[in-house]
Amino acid sequence: MARCPEWTDLPLEEMLAEYGLCLKDWEEVSSCVKVETAQGLFRLKCFAYPQEEFPFIYRLVQYLGKQGFRHPERIRLTRRGQFGLTIADRFYYLASWQEGTTDFELKPETLLGIGRLLGSFHAAGRGFSTIEPIHPARIQWGAWPDKLTSRLGDLRRFIKTAQQGLTAFDRLLYRQGKALLTAAEGALAKLEKLPYQEVVRRDREASYVCHRDCIPRNVVERPNGDFVLIDYDNAAHAERIDDLAKLLCTFSGWQLERASLLLEGYGQWFPLEEEEVRLIGAFLEFPMEYWKLGRNTYQRGRPHIRALQGQLAADQAKAAFLMNLQRNPERVMSDYAVFPRNPG
């Protein structure tokens, strides 16, 4: 496998020496580097956000370990006690390597395990705070209405641009424009009618933390069958349904049976209420996939006609999933838990 020029150009030996480690070998894995040293395996990662936000991440993984969260990520300080290293204006940190695979089959027991993993993460993160002032970007309570309103505005601009465009991507996106805006506006209208702020208030009082990137590449199945959550770079204080919406979006394949298993596993820690299921459904009704495609095309200059065609092909399954979720929320609601919603 060819090595990424970014990593090849870095002084990896000197960087590891700052941690008191001697580099033996390395390989690029996903968005990080797996480094082998005499003291074991580690993950070297470039933090994609301002360095000022990193103390939140470091304190969080420490807190999770103290709360008994299984296989927490352990971030190593440099010999000088620094959180990481700044090289060419980019911040890098070193964490423990979690051995295992992210290429696992989504069998029923796997889906249950992933749901339990997220539930145990939320339980362990309850009550988290930091000794430093928390960076505003790591406080995301009640962000859904503003986020969706902003992205609705983006969608309108993308569709207007597509109307004036000449490519196959432009024509295909524009043909979907009316339906996309109707879906986006409908999701916002449903959100306004549901008790979103009450759900936010309850979770804020408990001071929960969301991982905010619980996707397949960040869930590792260890050789013994345990599941491990990695890469906490996006973590922030937020209501738990924010994580649950992404969980269903990325692991369910728009199949209600899969969603039920994921939330059954989660329900062993936190049984969901009907209002929470309906809120998740409202959020998922927003055509976020098309917003991402529009952003990549019209803001980043990376049109992807095949991705657009693939999304159109998946729309029917998503629509059927959301209709069933709204009509029969009890099908994904668990009625038991290891401990109550807000213990203590």
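Residues numbered from 1 in each chain as written. Predicted model: local features only at pLDDT ≥ 70, side-chain atom pairs only at ≥ 80, totals over all residues. Heavy atoms only, no water.

Before going further, it helps to spend a moment on the overall build of the protein. Helix and strand counts for the protein stand at 13 helices and eight strands. In terms of overall dimensions, the protein is globule-like: its C-alpha atoms have a radius of gyration of 21 Å, near the 20 Å expected for 344 residues. Taken over the C-alpha atoms alone, the protein extends approximately 60 × 55 × 40 Å along its principal axes. Here the protein, with 344 residues, has 49% of them falling under the buried criterion. When contacts within the protein are restricted to residue pairs at least 6 apart in sequence, long-range pairs at least 24 apart make up 77% of them. Counting only carbon and sulfur atoms, one obtains 49% of the accessible surface of the protein, whose full area is about 16500 Å². Positive and negative side-chain charges in the protein, numbering 46 and 45 respectively, have mean positions lying 3 Å apart. (Helix = DSSP H or I, 4+ residues; strand = E, 2+ residues; numbered from the N terminus. Rg over C-alpha atoms; globule rule 2.2 N^0.38 Å. Buried < 20%, exposed > 50% of the residue type's maximum accessible area, 1.4 Å probe, protein only. Contact = heavy atoms within 4.5 Å. Areas by Shrake-Rupley, 256 points an atom, 1.4 Å probe, with all protein chains shown as cover. Lys, Arg positive; Asp, Glu negative; His and termini not counted. Charge placed at Lys NZ, Arg CZ, Asp CG, Glu CD.)

Moving on, we come to helix α12 (residues 288-299). The end-to-end C-alpha separation of α12 is 15 Å, in line with the 16 Å expected for twelve residues at 1.5 Å each. The set of residues buried in α12 consists of Met288, Glu289, Tyr290, Trp291, Leu293, Gly294 and Thr297. Buried residues along α12 sit against α5 (144-164), α6 (168-175), α7 (177-193), α9 (241-251), α11 (274-285) and α13 (305-327). Phi turns positive, to about 70°, at Gly301, one or two residues after α12. (Expected span 1.5 Å × (residues − 1).)

Turning next to the packing of aromatic side chains. One pass over the full model with this rule turns up 20 aromatic pairs. Ring centres of Trp7 and Tyr92 lie 5.9 Å apart, and the angle between their planes is 70°; this geometry places the pair in the edge-to-face category. Of this pair, Trp7 sits in helix α1 (residues 5-8) while Tyr92 sits in strand β6 (residues 90-96), placing them 85 residues apart in sequence. You can call Tyr92 buried: its relative accessible area is 2%. With 4.9 Å between their ring centres and 40° between their planes, Phe54 and Tyr93 make a pair best called tilted. In this pair, Phe54 is assigned in helix α3 (residues 54-66) and Tyr93 in strand β6, connecting sequence segments 39 residues apart. Among the aromatic side chains, those forming a connected cluster through ring pairs are Phe47, Tyr49, Phe54, Tyr58, Phe83, Phe91 and Tyr93. Sitting above the plane of the Trp291 ring, Arg151 keeps its charged end 3.9 Å from the centroid. Arg240 extends its terminal NZ or CZ atom over the ring of Phe270, reaching a point 4.5 Å from the ring centre. (Phe/Tyr/Trp six-rings, centres within 6.5 Å; stacked < 30°, edge-to-face > 60°. Lys NZ or Arg CZ within 6 Å of the ring centre and 35° of its normal.)

Let's shift gears to α3. In a regular helix each residue adds 1.5 Å, so 13 residues correspond to 18 Å; α3 covers 19 Å between its end C-alpha atoms and thus fits that length. Phe54, Pro55, Phe56, Ile57, Tyr58, Leu60, Val61, Tyr63 and Leu64 are the residues of α3 that are buried.

Moving on, we come to the side chain of Glu239. Checked against the element boundaries, Glu239 lands in the loop between β8 (227-229) and α9. Buried charge without a salt bridge: Glu239, with Arg204 as the nearest opposite-charge side chain at an N-O distance of 7.2 Å. A distance of 2.3 Å separates polar atoms of two side chains, one belonging to Glu239 and the other to Tyr196. If sequence neighbours within four positions are ignored, Glu239 has contacts with Gln140, Trp141, Gly142, Ala143, Trp144, Tyr196, Val200, Asp203 and Cys210. (Salt bridge = Lys/Arg side-chain N within 4 Å of Asp/Glu carboxyl O. Polar contact = N/O pair within 3.5 Å; in protein donor to acceptor, adjacent residues only side chain to side chain.)

The backbone phi angle of Asp89 is positive, close to 65°, even though this residue is not glycine. For Asp89, a relative accessible area of 78% corresponds to the exposed category. Within the chain, Ser207 stands out as a residue other than glycine whose phi angle is a positive 55°. Within the secondary structure layout, Ser207 lies in the loop between α8 (196-206) and β7 (219-221). Judged by its relative accessible area of 19%, Ser207 is buried.

Turning our attention to the confidence of the model for the protein. Predicted confidence across the protein gives a mean pLDDT of 93, with 95% of residues reaching 70 or more. Here residues 336-344 is modelled with pLDDT under 50, and outside its nearest four sequence neighbours on either side it reaches 30 contacts, counting other chains as well. (pLDDT = per-residue confidence, 0-100.)

Counting residues in each nonpolar core, the largest one holds 81 residues, and the members touching the most others are Val219, Tyr232, Leu244, Leu284 and Phe321. For this core, the leading source of residues is α3, giving eight residues. Excluding residues that lie within four positions of it along the chain, Phe321 makes contacts with Leu248, Ser252, Trp254, Gln255, Leu256, Ala259 and Leu284. In this structure, Leu10, Val33, Leu44 and Cys46 belong to the second largest nonpolar core, which totals 17 residues. (Core = buried A, V, L, I, M, F, W, Y, C linked by side-chain atoms within 4.5 Å.)

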